[in-house]
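# Fold and contact review
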Amino acid sequence: MSQSSSINLITAALQPIRQKLDAIEVRGSFVAHTLCKLIPSRCPFERKIELFNRTILYIPPLCKLNPFYEQLVCLRFRALVYLADQCGEDVTVYC
């Protein structure tokens, strides 16, 4: 089995989960608040380790390695839009 065919197999296997995440509709402020709290606005893995004001080690954001990254970001965005448009809430606390 070649590498490209195994990648296509993995992509095909993950596609139903991606579609389910894309199909989630945000209904209710409790669900929207929960999603905004659970899904971070920035990658929590990015770090800059400094010693005496000099960067020793930089760990880049690794979230894009997550196969569901785009779907989760879109879900969080839909939750923010719901809170702002439907509930009329200030969403700056989640930014």
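A few points on the structure. (Residues numbered from 1 in each chain as written. Predicted model: local features only at pLDDT ≥ 70, side-chain atom pairs only at ≥ 80, totals over all residues. Heavy atoms only, no water.)

Judged by nonpolar contacts, V26, A32, L35, C36, I39, L75, A79, L80, L83, V91 and Y94 together constitute the single largest core of eleven residues. Elements with a contribution of two residues or more to this core: α2 (29–38) and α3 (69–85). Once residues lying within four places of it in the same chain are set aside, the contact partners of Y94 are H33, C36, K37, S41, R76, L80 and L83. (Core = buried A, V, L, I, M, F, W, Y, C linked by side-chain atoms within 4.5 Å. Buried < 20%, exposed > 50% of the residue type's maximum accessible area, 1.4 Å probe, protein only. Helix = DSSP H or I, 4+ residues; strand = E, 2+ residues; numbered from the N terminus. Contact = heavy atoms within 4.5 Å.)

Applying the stated rule across the entire model yields one disulfide. Through a disulfide, C43 is tied to C63; the S-S separation comes to 2.4 Å. Looking down the S-S bond of the C43 and C63 bridge, the torsion is 90°, so its handedness is right-handed. Of the two residues, C43 sits in the loop between α2 and β1 (47–51) while C63 sits in the loop between β2 (54–59) and α3, which places them 20 residues apart along the sequence. Summarising the burial analysis for this pair, C43 and C63 share the class buried. Here C36 is not cross-linked by a disulfide; its sulfur's nearest cysteine counterpart is in C95, at 8.6 Å. Accessibility expressed as a relative area gives 3% for C36, which makes it buried. (Disulfide = S-S within 2.5 Å.)

For the rest of this paragraph, the subject is the environment of H33. With respect to the helices, strands and loops of the structure, H33 is situated in helix α2. The spatial distance from the C-alpha of H33 to the C-alpha of R18 is 21 Å, given a sequence separation of 15 residues. Residues contacting H33, with those up to four places away along its chain left out, are L83, E89 and Y94. In this structure the side chain of H33 is engaged in a polar contact, spanning 2.9 Å, whose partner is the side chain of E89. (Polar contact = N/O pair within 3.5 Å; in protein donor to acceptor, adjacent residues only side chain to side chain.)

Each pair of packed helices can be described by the angle between their axes along with the distance between the axes. At their nearest, the axes of α2 and α3 sit 9 Å apart, and the two run at 135° to each other. The angle between the axes of α2 and α3 places the two elements in the oblique class. In the crossing of α2 with α3, the sense of the turn from one axis to the other is left-handed. Counting all contacts with α2, which are made through S29, A32, H33, L35 and C36, the residues of α3 involved are L75, R76, A79, L80, Y82 and L83. In terms of residue class, the contact of α2 with α3 is made up of eight nonpolar, two polar and one charged. (Axes fitted to C-alpha atoms, helices over the stretch in contact; angles between N-to-C directions. Parallel < 35°, antiparallel > 145°, perpendicular 65-115°, else oblique. Left-handed = near helix turned anticlockwise from the far one by under 90°. Nonpolar A, V, L, I, M, F, W, Y, C, P; charged D, E, K, R; others polar.)

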